[in-house]
Amino acid sequence: MGKDQAPGLPNPSHPGRCSSRCIIIANGSGYDAFLKMLKGYAMRVSFASTYTRTTAGLNRLNVDIERLSSSASSGKRLLRPADDPMGWAKSMDLKQGIRELGSFSKNIEFALHFGQATEDALSRLSDLFVRAKEIAVGSVNGSVNPEDTAYVKEMDQIFDEAVSAANEKYQGRYLFAVDSGTAPFDAQDANAGHADFPLADGSDLDGALTVRVGKSTDQTVNVNGRETFLLDAGGEEKNSLQHLVSLRKAIEAHDTQAIEKEMGYIDIALENFSNQTSQVGIRMSGLERRQSALDAMEIQQTSLLSEVEDADLVEIVTQLQQKQTSFEAALRVTAMMDGINLAHFL
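Residues numbered from 1 in each chain as written. Predicted model: local features only at pLDDT ≥ 70, side-chain atom pairs only at ≥ 80, totals over all residues. Heavy atoms only, no water.

Caption draft 1: Local environment of the packing of aromatic side chains. Taken as a whole, this structure holds seven aromatic pairs when the rule is applied. Their ring planes at 45° and their centres at 5.9 Å tell us that Phe 110 and Phe 114 sit as a pair that is tilted. Taken together, the residues Phe 110 and Phe 114, both in helix H3 (residues 85–141) and four residues apart, mark about one turn of the helix. Given a relative accessible area of 17%, Phe 110 falls into the buried group. For Phe 114, a relative accessible area of 0% puts it in the buried group. For the pair Phe 110 and Tyr 170, a centre-to-centre distance of 5.6 Å together with 45° between the ring planes defines the contact as tilted. Here Phe 110 is found in helix H3, whereas its partner Tyr 170 is found in strand E1 (residues 169–170), with 60 residues between them in sequence. (Phe/Tyr/Trp six-rings, centres within 6.5 Å; stacked < 30°, edge-to-face > 60°. Helix = DSSP H or I, 4+ residues; strand = E, 2+ residues; numbered from the N terminus. Buried < 20%, exposed > 50% of the residue type's maximum accessible area, 1.4 Å probe, protein only.)

This is the structure we're talking about:
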């Protein structure tokens, strides 16, 4: 027998031959003990392997139960990319599209509110200029008592209210001077010497405010302040509020010729206000149609997203019950294996 050869085993240097110790075991009472030893070793290997597989199965079932429970509580079948890689990618695309639609809708909402504020301001200006014209007509026709200063005071009030309407803001932006950081019109005495009074020094009436209402569509939300207020008075450009001041002075001075001249400019101002109001109305109608289209698209995208990521609760509950039943059965098997020892097989 070789130096490293185990007793009672075949001689590796001579296949098919046993050592003397092997012969003794094979022919003697030690043979039964040897068989029991081999049987015990095989049982230990088989038992350990079965226990490992059962434990791994329990872990997998537990993971499935947690996933199904989360799906049942959230109503979503897609909780992570591994649940359905293709479905997850599609849901990400749909969510991005819905976010874009939401952004466009918010911009349209802002534009509609800005337009409504502009429309209200133009309406106030029109009403004020109409009243100023009524006073002027009364003064020319003699129905206004020259000695009655109430109408002059009312012209002062009309002027102040017109300046206020022209300086209206929405969310921090002046309606008729969107790029101006200060009020475009200033009726304070300190500005009375300005050549374009009550236009404030440095006012920018030409600014434009645009918002994105589609993937490649921008919408201007304001009206041009210059087109709204500036009039060409015989080659001399003046703003309509200046003509209110001139009309007030003409009425106070009972200058019929000057009153009639200023009434013509008041009519031009009213026409400008009407044109700008029509422009705002057309724009708002278009925005409302676009908003309706975006709402329909968002509903469609949301429905598609629901089909991709929402869970079938009946199916989820059924699977959950099946997994729980399998888990309980596996637990019982594992408990039975815990009570088994090698003595049962020897």
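Still more ground to cover, so stick around.
Caption draft 2: Representation of the packing of H3 against helix H7 (residues 256–309) within the structure. One way to put it is that H3 packs onto H7 with a least axis distance of 7 Å and a crossing angle of 160°. Taken together, H3 and H7 sit at an angle that is classed as roughly antiparallel. Of the two possible hands of crossing, H3 and H7 adopt the one that is left-handed. (Axes fitted to C-alpha atoms, helices over the stretch in contact; angles between N-to-C directions. Parallel < 35°, antiparallel > 145°, perpendicular 65-115°, else oblique. Left-handed = near helix turned anticlockwise from the far one by under 90°.)

Caption draft 3: How the structure looks around the layout of surface pockets. By volume, the largest pocket is sized at about 240 Å³. Those elements giving two or more residues to the lining of the largest pocket turn out to be helix H4 (150–166) and helix H6 (240–252). The dominant element in the lining of the largest pocket, judged by the number of residues it contributes, is H6, at six residues. (1 Å grid on protein atoms, 1.4 Å probe; cavity = no way out; pocket = protein on both sides within 12 Å on 5 of 7 lines; lining within 4 Å. Points joined across faces, edges and corners; volume = space filled by probe spheres on them.)

Caption draft 4: The environment of His 254, seen in detail. Tracing the chain through its elements places His 254 in the loop between H6 and H7. Separated by 115 residues in the primary sequence, His 254 and Ser 139 have C-alpha atoms spaced 7.6 Å apart.

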